[in-house]
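Examination of the molecular architecture
So you can see what is in the structure, the chains are spelled out below.
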Amino acid sequence: MRFFFAPFLIFISFSSFAQEETAYKYPALIAEKVNAEIKLDGILDEEVWQSNEWAKDFTQFFPSDTSLAKAQTKVRIVYNDKFIYIAAVMYNLGPRDKYVSTSLRRDFRGEQNDGVSFVFDTFNDNTNAYQFGINPYGVQRESLIANGGMQQSDLNLAWDNKWYSAAKIYEDHWIVEAAIPFSTLRFNDGSNNWNVNFYRIDSKYNERSTWTPIPRNFSVIALAFSRKLIFTEPLKKEGANVSIIPYAAMATDKNFLSGTSNPLRPTFGGDAKIGVGPALNMDLTFNPDFSQVEVDEQVTNLDRFEIFFPERRQFFLENADLFADFGTQNVRPFFSRRIGVDRDENTGQNVQNQILFGGRLSGKLNENWRLGVMNMQTANDPERGISGKNFSVAAVQKKVFSRSNIGLIMINRETVNQNNELPFFDPNDFNRLAGIDYNLASKDNRWTGKFFYHKTFDAQKQPNSSAMHGQLNYNDINISASLAISDIGDNFNPKVGFTPRNDYKRIASRFVYQFFPVSNLINRHGPGFETEVLWNQSLGTTDELHTFLYEFQFQSLSRLAFTVNNRYTYLFRSFDPTRTGGIPLESGTDYRNSFFGFRYIGNPRKPFFLILRGDFGEYFTGDIKTLQGTMNWRMGYLANISMNFSYNDIRLPEPQNSADLFLIGPRIDLTFSKDLFWTTFFQYNNQIDNININTRLQWRYAPVSDFFIVYTDNYFPSTFAPKQRALIMKLNYWFNI
């Protein structure tokens, strides 16, 4: 296995030359510097908007990519020393007064809403960008795009910043005016051009369109396809770029199981964002409070390993890819949700642990180099037997060839000496990692890949503590294929990462072929297969999963897929297949099971739509029927009612437990206005014998400044006896200095 990278390295050399091919050339958009005052009202009566310098002739991305858009759009950009101004006109084919908006809450999801979005690649690297979007009712969204926007998960809507806009609906079109402060963006001082693209989603015509044509086999946010925005004068960053976000909170909680409680008590803290030069950002936090962060959706866990939940805390989000995108799925060297979580030695449970302070410097050094440095400190908690931890992370990334990059990362977790003796950190309790990653992305986006080597270090100096991985992906109009090989050592242990298992070698591949018929019903369809095999030296093959699938995507945006699967599992530890405390299957036993499945995603433009998944067939020594999904009912833009549900009917012969596992999560999301929101989330999970209620009132009384009231309660389902209860009120304000 030491030489399993060889075929990939040969291909990397070939692809590196391929990236130097000349890209398609499209006309640029000229951004004129102006001195005139622009009023954001959705009325284009200022003289600067009377120019002929508009981005026009948008092309379809969906349902086809070979023609001009039916509903055309035009965009113009001007700027002054403080703002970049955007005007956009979204035409219809006739009179229209109804548009789809799922909510008045900021950060709407794109495909469910009418809207227009503006993408700015300020460093011209075709890898990272800012996106700003607005719908016809003036609801904003802003996000960060990483990894070249290769897939929708590269869009991070959790990032927030301050900017201004207005939208106005007319008889046969709607208009947007926006002003984005240059202080919100990172770019090189003296820049005279950026890469840009604009795209529109229209519900009536079921159309997605872009200014720069993008092949429909890629994501609509793909950064490989863009045009130039040329500024008539070089950009200059003037004045300080400092934001202070203090908060004040009051909280009380009670634990009915332990008989402990905390009276209503005030807490204070805050964040600061400081521009360091034109392209670096310093984030500082003191006694951060994340009580307003949306609660995680529970899942029924039938897996033998830990489940991944994404980071939602604002402090960790800007330039998050610099730290979080090292490694690959299930082999992540850094996972920021490890910070602020520790083990209560009294109960053996993971609990929140206070973060005292932290700092992070991240961003661009120049057009080819990115830097990320982070340090966070958590508190001692003697009552729960928790020692404070110090987390340090340093990452550097260099662009190579057209869109690829190579990165280095170092991670260090130290444990504070609770006796307050020197040395400050316990020399026998640390965990470190060093790693190198190569991310391949060809200029035309067809070839992508990931290759890395990571190694962990601890006081025991254990051997076989490294991880290697190579993956190559190909994406063309008809063919999507990938091949991945991994070798994870038995002592590889990144304690600040997410690696649910170690001691295995893995090979996985995927191949999908798509047909594009001329049809009013089906947009594309095709067969595919996926296969995965895991093994190690001592046990041989431990896991296999082989899947044949057939997928359909309809013109309505709904999707349907059918699968036939065969799974092999070797239990190297005893395991209860229901995870309900029953008699486990013995370690050293193995099982081969076949099962069938389907996946359905409804039309998100409809007021009611359904997401559904089912699996039926063999399960270890018995069988399983699984049905899970989400029902969504949209009542205009004022209310959204949804229901997450999961049912697992597991039948196993004695002495193992059979089980009927239910998880039901109704959610009510009310948007009284663009400033006042109320969300209530119920979750009943009989696998963990719990009912959870989380309700949150949010008042956005100023741009990116909020008042929250958050109430959380947990009960036993059978008696409704309370377990834990908490009430939190929080006020924060965003100051630009």
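Structure: see above.
These lines cover the structure that appears in this document, whether it is placed above or below. The shown structure was predicted, so the numbers you read here are calculated from the model rather than taken from an experiment.

1. Comments concerning the nonpolar core
Counting residues in hydrophobic clusters, the biggest one holds 36 residues, and the most contacted among them are Ile-77, Phe-118, Phe-120, Trp-194, Phe-198 and Leu-229. Excluding residues that lie within four positions of it along the chain, Phe-120 makes contacts with Ile-77, Ile-84, Ile-86, Ala-129, Tyr-130, Phe-132, Ile-180, Trp-194, Asn-195, Val-196 and Leu-229. Ranked by size, the runner-up nonpolar core spans 24 residues in total, among them Phe-315, Ile-409, Ala-467 and Val-496.

2. Notes on the side chain of Thr-542
Note that Thr-542 resides in strand β29 (residues 540–554). With a relative accessible area of 2%, Thr-542 lands in the buried category. A polar atom in the side chain of Thr-542 sits 2.9 Å from the side chain of Asp-543. Sequence-distant contacts of Thr-542, that is, excluding residues within four places in its chain, are made with Arg-501, Leu-534, Trp-535, Asn-536, Tyr-568, Thr-569 and Tyr-570.

3. With respect to the packing of aromatic side chains
This structure, assessed with the given rule, holds 38 aromatic pairs. When the ring of Phe-120 is compared with that of Trp-194, the centres are 5.9 Å apart and the planes differ by 75°; the resulting orientation is edge-to-face. Taken together, the positions of Phe-120 in strand β5 (residues 115–121) and Trp-194 in strand β11 (residues 193–202) put the pair 74 residues apart, joining distant regions of the chain. Exposure remark for Trp-194: the relative accessible area of 0% places this residue in the buried category. Feature note: the residues Tyr-79, Phe-120, Tyr-130, Phe-132, Trp-159, Trp-163, Phe-182, Phe-187, Trp-194 and Phe-231 constitute an aromatic cluster, connected by ring pairs. The ring of Trp-211 carries Arg-227 above its face, with NZ or CZ at 4.3 Å from the centroid. Sitting over the face of the ring of Phe-315, Arg-360 holds its NZ or CZ atom 5.6 Å from the ring centroid.

4. Structural notes on the pattern of salt bridges
Applying the stated criterion to the full structure yields 36 salt bridges. The partner of Arg-510 in a salt bridge is Glu-530, with the nearest N and O atoms 2.7 Å apart. Of this pair, Arg-510 sits in strand β27 (residues 504–513) while Glu-530 sits in strand β28 (residues 522–536), and the two are 20 residues apart along the sequence. Residue class for Arg-510 comes out partly exposed when judged on its relative accessible area of 27%.

5. A look at the side chain of Asn-566
Along the chain, Asn-566 falls in strand β30 (residues 559–570). Of the polar contacts made by the side chain of Asn-566, one reaches the side chain of Ser-594; its length is 3.0 Å. Residues within four places of Asn-566 in sequence aside, it is in contact with Glu-544, Leu-545, His-546, Arg-592, Asn-593 and Ser-594.

6. Considering the environment of Thr-73
Looking at where Thr-73 falls in the secondary structure, it is placed in strand β3 (residues 73–79). The class of Thr-73 is buried, set by a relative accessible area of 2%. Along the backbone, Thr-73 and Ala-659 are 586 residues apart, and their C-alpha atoms lie at a distance of 55 Å.

7. Considerations on the pairing of strand β38 (residues 705–715)
Across ten bridges, the pairing between strand β37 (residues 690–702) and β38 is antiparallel. In the strand pairing of β38, Ile-691 is matched with Tyr-715. Between the end of β37 and the start of β38, which pair antiparallel, lie two residues, with Val-704 showing a positive phi angle near 55°. In terms of strand pairing, β38 meets strand β39 (residues 722–732) through nine bridges, oriented antiparallel. Of the residues in β39, the one forming a bridge with Phe-707 is Leu-731. Taken together, β38 and the strand that follows it, β39, pair antiparallel across an intervening segment of six residues, in which Phe-720 is found at a positive phi of about 60°.

8. A short note on the environment of Val-396
Tracing the chain through its elements places Val-396 in strand β21 (residues 389–400). Val-396 sits 43 residues away from Asn-353 along the chain, and the two C-alpha atoms are 29 Å apart.

9. Brief notes about unusual backbone geometry
With glycine set apart, most residues show a phi of negative sign, and most peptide bonds adopt trans. Phe-62 connects to Pro-63 through a cis peptide bond whose omega is 10°. The amide bond that connects Glu-654 to the next residue, Pro-655, takes the cis arrangement and shows omega of 15°. Relative to the elements of secondary structure, Pro-655 occurs in the loop between β34 (639–651) and β35 (659–671). Positive phi, normally seen in glycine, also occurs at Leu-557, with a value near 85°.

Quick notes on the rules
- Residues numbered from 1 in each chain as written.
- Predicted model: local features only at pLDDT ≥ 70, side-chain atom pairs only at ≥ 80, totals over all residues.
- Heavy atoms only, no water.
- Core = buried A, V, L, I, M, F, W, Y, C linked by side-chain atoms within 4.5 Å.
- Buried < 20%, exposed > 50% of the residue type's maximum accessible area, 1.4 Å probe, protein only.
- Contact = heavy atoms within 4.5 Å.
- Helix = DSSP H or I, 4+ residues; strand = E, 2+ residues; numbered from the N terminus.
- Polar contact = N/O pair within 3.5 Å; in protein donor to acceptor, adjacent residues only side chain to side chain.
- Phe/Tyr/Trp six-rings, centres within 6.5 Å; stacked < 30°, edge-to-face > 60°.
- Lys NZ or Arg CZ within 6 Å of the ring centre and 35° of its normal.
- Salt bridge = Lys/Arg side-chain N within 4 Å of Asp/Glu carboxyl O.
- Pairing = 2+ DSSP bridges.

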